[in-house]
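# Understanding the architecture of this molecule
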Amino acid sequence: MSTVQVDTPGGSYPIHIAAGRLDLLAQSLPADATAIALVSNPTVAAHYGQRALAALKSTGKRVVHIELPDGEAHKNWQTLNLIFDDLLQNRLDRKAVLVALGGGVIGDMGGFAASCYMRGIRFVQVPTTLLAQVDSSVGGKTGINHPLGKNMVGAFYQPVAVEIDTDVLATLPAREISAGLAEVIKYGLIIDADFFVWCEQNVAALRALDPQAITYAIQRSCELKAYVVSQDERESGLRAILNFGHTFGHAIEAGLGYGEWLHGEAVGCGMVQAAELSALALGLSPASVERVRALVQAIGCPIQPPGMAVERWLELMQVDKKTEGGQLRFVLLPEIGQARFVAADPEALRSVLEKSAVARV
Ligand code: NAD
Ligand code: GLY
């Protein structure tokens with residue numbers, strides 16, 4: 001088993017990574033937990049609910065299973081309230097522990113519910129998608145969507161542990177693996193050029209879920225994310241680099257309608273656009289832009305943005321949380337492995353966006 005330690009002002013906790021961790025969930029529960037709420041959805045529960053419940057019940061504590069509807073469309077107040085309903089109906093007290101078993105949607109909602117219930121109860125992340133294992137379960141961003149913007153309501157709230165069972169990826173559709181790999185290669189692009197090269201060399205093994213390759217990719221991603229969030233938990237500086245490709249990606253998701261492209265797919269394509277903008281704004285070399293495009297394509301994510309008029313792109317991008325005083329800001333790369341957070345040069349941005357406007361006709 002590998003362990004990655006996360007240390008932030010809001011909490012310190014281990015990330016355990018190994019095949020079969022699901023059966024050992026009891027190990028990560030605080031000894032003084034009065035009860036456990038397992039939060040999941042029918043898709044994940046059908047595969048892993050019984051094993052998770054058996055592991056949690058082995059503690060001898062009362063376990064309540066809360067099933068939420070599956071999908072990004074349900075990441076909202078109504079679904080969040082279902083968690084509070086069950087916690088209250090079952091009289092869980094403030095020493096209860098919430099266990100979020102699922103992808104990023106369940107993790108974000110479960111964590112947000114834990115941050116609010118009785119002003120905060122402890123929670124454990126058990127991420128079951130690759131994207132959640134390498135990104136969303138680590139670092140304490142929790143929340144829900146609002147009709148006017150994605151992830152616009154939430155809290156920074158750290159789990160007490162993250163339990164990653166690499167075996168659960170076996171049931172994940174190939175498209176979800178590709179989406180998760182987009183976040184993996186993001187770490188190489190923003191902070192670790194050697195890891196980017198390693199991803200280039202191991203892309204086939206990663207897509208095939210070769211146990212050694214995928215475990216290393218998860219571990220390295222978690223180490224890099226742990227480093228960033230321990231420097232800047234609340235995103236007042238460095239943490240913004242984790243949003244590389246996301247300003248374009250969020251515009252794609254919102255413009256097409258959530259669910260049309262997966263979040264990771266939109267981020268993958270957004271990273272290609274951000275690399276093109278980096279070339280114009282910071283002099284990223286054409287060869288490096290080509291490497292980004294080639295690897296995004298090789299992991300199975302789209303590289304051609306959807307055709308939208310430039311004004312529509314700009315309108316959608318204004319909702320981004322990185323916007324300050326109405327000015328768009330982007331994470332860009334002077335070279336692979338280094339990131340800078342800069343205000344957009346409007347001419348360069350238009351030039352990148354015009355490409356996708358042209359692709360529309
Ligand atoms: P998701 O949670 O919707 O999961 C994708 C699909 O896979 C769902 O249908 C789910 O039920 C299913 N699934 C999950 N595990 C499975 C398994 N092992 N086998 C078979 N099916 C499985 O999507 P996601 O990509 O995991 O997460 C996306 C969400 O994460 C978005 O809401 C995004 O905003 C959020 N996010 C949060 C952060 C953060 O830092 N908190 C970072 C990145 C993304
Ligand atoms: N996924 C971006 C972050 O955690 O900050």
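Description of the structure in this document. The structure presented is a predicted model; accordingly, all values stated were derived computationally and were not measured.

### A short note on the packing of helix α9 (residues 246-256) against helix α10 (residues 263-282)
For the pair α9 and α10, interaxial distance at closest approach is 7 Å and the crossing angle is 130°. As summarised for this structure, α9 and α10 are arranged oblique, according to the angle between their axes. Crossing hand, α9 versus α10: right-handed. Two secondary-structure elements touch here, α9 through His246, Phe248, Gly249, His250, Ile252 and Glu253 and α10 through His263, Ala266, Val267, Cys269, Gly270, Gln273, Ala274 and Leu277. Looking at the contact of α9 with α10 residue by residue, the classes come out as 7 nonpolar, 6 polar and 1 charged.

### Regarding the site of ligand 1
In the neighbourhood of ligand 1, 26 residues make up the surrounding shell, with Glu72, Lys75, Thr128, Thr129 and Thr171 lying closest. A distance of 2.9 Å is found between a nitrogen atom of ligand 1 and a backbone nitrogen or oxygen belonging to Lys141. Expressed as a share of its isolated accessible area of 860 Å², the protein-covered part of ligand 1 is 89%. Ranked by residues supplied to the shell around ligand 1, first place goes to helix α1 (residues 42-57) with 4 residues. Its residues assigned to classes, the shell around ligand 1 shows 6 nonpolar, 11 polar and 9 charged.

### Considerations on the pattern of salt bridges
For the coordinates displayed, the defined rule picks out 20 salt bridges. Notably, a salt bridge pairs Arg51 with Asp165, separated by 3.6 Å at the nearest N-O pair. Of this pair, Arg51 sits in helix α1 while Asp165 sits in strand β9 (residues 161-165); the two residues are 114 residues apart in sequence, bridging distant segments of the chain. Residue Asp165 is classed as buried on the basis of its relative accessible area, which comes to 2%. Among the salt bridges present, the one from Glu290 reaches Arg293, with a minimum N-O distance of 2.7 Å. Of this pair, Glu290 and Arg293 both sit in helix α11 (residues 286-298), separated by 3 residues, roughly a single helical turn. For Glu290, a relative accessible area of 41% translates into the label partly exposed. A single network of salt bridges, built from pairs that share partners, joins Asp135, Glu183, Lys186 and Lys225.

### Thoughts on the site of ligand 2
Around ligand 2, the neighbouring residues are Asp135, Lys141, Lys225, Glu235, Arg239 and Leu242. Within the side chain of Asp135, one N or O atom sits 3.1 Å away from a nitrogen atom of ligand 2. One of the side-chain nitrogen or oxygen atoms of Lys141 is found 2.8 Å away from an oxygen atom of ligand 2. Of the residues that constitute the shell around ligand 2, the class distribution is 1 nonpolar, no polar and 5 charged.

### Some thoughts on the sheet that holds strand β2 (residues 11-18)
Read from one edge to the other, the open sheet built from 7 strands follows the order β1-β2-β9-β6-β5-β3-β4, with strand pairing classed as mixed. With partners counted over all chains shown, the strands left at the sheet margins are β1 (2-8) and β4 (62-67), one partner each. Strand-to-strand twist across the sheet, computed as the mean angle between neighbouring axes with direction ignored, equals 15°. Summarising the sheet, β2 and β9 pair through 4 bridges and their orientation is parallel. Paired with Ala18 across the strands is Asp165, a residue of β9. This element, helix α3 (residues 104-116), spans β3 (35-40), β5 (97-102) and β6 (122-127) of the sheet and lies at about 165° to β5.

### Here's the deal with the packing of aromatic side chains
All told, the structure shown has 6 aromatic pairs when counted by the stated rule. When the centroid spacing of 6.4 Å and the interplanar angle of 50° are considered together, the rings of Trp77 and Phe112 count as tilted. Residue Trp77 is located in helix α2 (residues 77-89), and its partner Phe112 is located in helix α3; the two are separated by 35 residues in the primary sequence. Through a chain of ring-to-ring contacts, three or more aromatic side chains come together here, namely Phe195, Trp198 and Tyr216. The aromatic ring of Tyr187 is capped on one face by Lys186, whose charged end is 5.1 Å from the ring centroid. Positioned above the aromatic ring of Phe341, the side-chain terminus of Arg329 is 4.5 Å from the ring centre.

### Concerning the state of the cysteines
In this structure the tally under the stated criterion is 0 disulfides. No disulfide involves Cys199; its nearest neighbouring cysteine sulfur is the one of Cys301, lying 13 Å away. Looking at Cys222, it has no disulfide partner, and the nearest cysteine sulfur is the one in Cys199, 13 Å off. With relative accessibility at 0%, the residue Cys222 sits in the buried group.

### Structural notes on unusual backbone geometry
Trans is the common state for peptide bonds, and a negative phi is the common state for residues other than glycine. One non-glycine residue, Arg91, adopts positive backbone phi at about 55°. Within the element layout of this structure, Arg91 appears in the loop between α2 and β5. On the basis of relative accessible area, Arg91 is assigned to the exposed category, the value being 71%.

Cut-offs used in this document
Residues numbered from 1 in each chain as written. Chains lettered and ligands numbered in written order. Predicted model: local features only at pLDDT ≥ 70, side-chain atom pairs only at ≥ 80, totals over all residues. Heavy atoms only, no water. Axes fitted to C-alpha atoms, helices over the stretch in contact; angles between N-to-C directions. Helix = DSSP H or I, 4+ residues; strand = E, 2+ residues; numbered from the N terminus. Parallel < 35°, antiparallel > 145°, perpendicular 65-115°, else oblique. Left-handed = near helix turned anticlockwise from the far one by under 90°. Contact = heavy atoms within 4.5 Å. Nonpolar A, V, L, I, M, F, W, Y, C, P; charged D, E, K, R; others polar. Near = heavy atom within 4 Å. Polar contact = N/O pair within 3.5 Å; in protein donor to acceptor, adjacent residues only side chain to side chain. Areas by Shrake-Rupley, 256 points an atom, 1.4 Å probe, with all protein chains shown as cover. Salt bridge = Lys/Arg side-chain N within 4 Å of Asp/Glu carboxyl O. Buried < 20%, exposed > 50% of the residue type's maximum accessible area, 1.4 Å probe, protein only. Pairing = 2+ DSSP bridges. Phe/Tyr/Trp six-rings, centres within 6.5 Å; stacked < 30°, edge-to-face > 60°. Lys NZ or Arg CZ within 6 Å of the ring centre and 35° of its normal. Disulfide = S-S within 2.5 Å.

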